Amino acid sequence: MALTDFTEMVERLQKGLGKAFAEEPWMLNLPGRSVACKIDQHYYLAVMPAFAERLGRLGGMFPHHVVEALVRTGNLVTRAPDRDPVLPLTVAWEGPSVTVRAAFVDADFIDRAVKTYGGSEGGLNVSELKISGRDRERLEAFFEGKTPPEGLAYFDAE
């Protein structure tokens with residue numbers, strides 16, 4: 001039985017993502033339309049399962065293999081013991097807030113894809129997507145032992 005080469009899988013996913021971004025730049029960083037938006041310098045918030053499904057199509061993999069490769073290489077944030085990267089969060093941009101099933105992707109994974117394969121000069125800017133401040137405590141517990149999203153990633157939920 002051969003060992004799975006997760007590094008090669010990640011490279012394939014980045015290549016597919018970068019090429020697709022070059023053709024459809026709105027697939028990233030446009031809240032309400034994109035599968036992932038940059039929320040601070042460290043992370044993109046990915047809408048699940050749409051992100052894994054889209055990345056799977058681009059990289060020729062099943063969505064569960066996409067998630068496994070990203071988790072095993074540290075590109076998708078998880079928390080022990082279950083290692084489930086998905087959690088419900090309330091987010092907003094230019095209007096009322098909505099609840100989404102979200103995962104956090106290391107910004108370097110996506111930024112490297114758009115720079116290397118998508119023709120972008122650098123990483124993308126932080127988007128207008130914000131997370132409800134009511135979710136902050138729960139999110140910081142999820143990120144225990146890791147760098148949590150910065151304060152600019154949140155909006156005040158009164």
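Our structure is the block above this text.
Residues numbered from 1 in each chain as written. Predicted model: local features only at pLDDT ≥ 70, side-chain atom pairs only at ≥ 80, totals over all residues. Heavy atoms only, no water.

## Things to note about the packing of helix 1 (residues 6-23) against helix 4 (residues 107-116)
Packed helix pairs are characterised by how far apart their axes lie and by the angle those axes make with each other.
Here comes step 1: For the pair helix 1 and helix 4, interaxial distance at closest approach is 7 Å and the crossing angle is 55 degrees. By the criterion of interaxial angle, the relationship of helix 1 to helix 4 is oblique. In the packing of helix 1 onto helix 4, the handedness of the crossing is right-handed. Taking contact as the criterion, the partners of Val10, Leu13, Gln14, Leu17, Gly18 and Phe21 in helix 1 are, on helix 4, Asp108, Phe109, Ile110, Arg112, Ala113 and Val114.
Here comes step 2: Split into classes, the residues belonging to the contact of helix 1 with helix 4 amount to eight nonpolar, two polar and two charged. (Axes fitted to C-alpha atoms, helices over the stretch in contact; angles between N-to-C directions. Helix = DSSP H or I, 4+ residues; strand = E, 2+ residues; numbered from the N terminus. Parallel < 35°, antiparallel > 145°, perpendicular 65-115°, else oblique. Left-handed = near helix turned anticlockwise from the far one by under 90°. Contact = heavy atoms within 4.5 Å. Nonpolar A, V, L, I, M, F, W, Y, C, P; charged D, E, K, R; others polar.)

## Overview of the side chain of aspartate 40
Here comes step 1: Within the fold, aspartate 40 resides in the loop between strand 1 (36-38) and strand 2 (43-47).
Here comes step 2: In terms of polar contacts, aspartate 40 uses its side chain to reach the backbone amide nitrogen of histidine 42, at 2.8 Å.
Here comes step 3: In terms of polar contacts, aspartate 40 uses its side chain to reach the backbone amide nitrogen of glutamate 150, at 2.7 Å.
Here comes step 4: Beyond its immediate chain neighbours, meaning those up to four positions away, aspartate 40 contacts Val126, Pro148, Pro149, Glu150 and Leu152. (Polar contact = N/O pair within 3.5 Å; in protein donor to acceptor, adjacent residues only side chain to side chain.)

## Quick look at helix 2 (residues 50-59)
Here comes step 1: Every buried residue belonging to helix 2 is among Phe51, Ala52, Arg54, Leu55, Gly56 and Gly59, and all of these are buried.
Here comes step 2: On its buried face, helix 2 is in contact with helix 1, strand 1, strand 2, helix 3 (63-72), strand 4 (98-106) and helix 4.
Here comes step 3: One or two residues past the end of helix 2 sits glycine 60, with phi positive at roughly 70 degrees. (Buried < 20%, exposed > 50% of the residue type's maximum accessible area, 1.4 Å probe, protein only.)

## Quick word on the sheet that holds strand 2
Here comes step 1: Spatial strand order, 1-2-4-3-5-6: six strands in an open sheet with mixed pairing. The sheet is open, and its two edges are formed by strand 1 and strand 6 (154-155), each paired on a single side.
Here comes step 2: In this sheet, strand 2 lies alongside strand 1 in antiparallel orientation, the contact comprising three bridges. Paired with cysteine 37 across the two strands is leucine 45, which belongs to strand 2.
Here comes step 3: Sitting on the sheet, helix 4 is in contact with strand 1, strand 2 and strand 4, with an inclination near 75 degrees to strand 4. (Pairing = 2+ DSSP bridges.)

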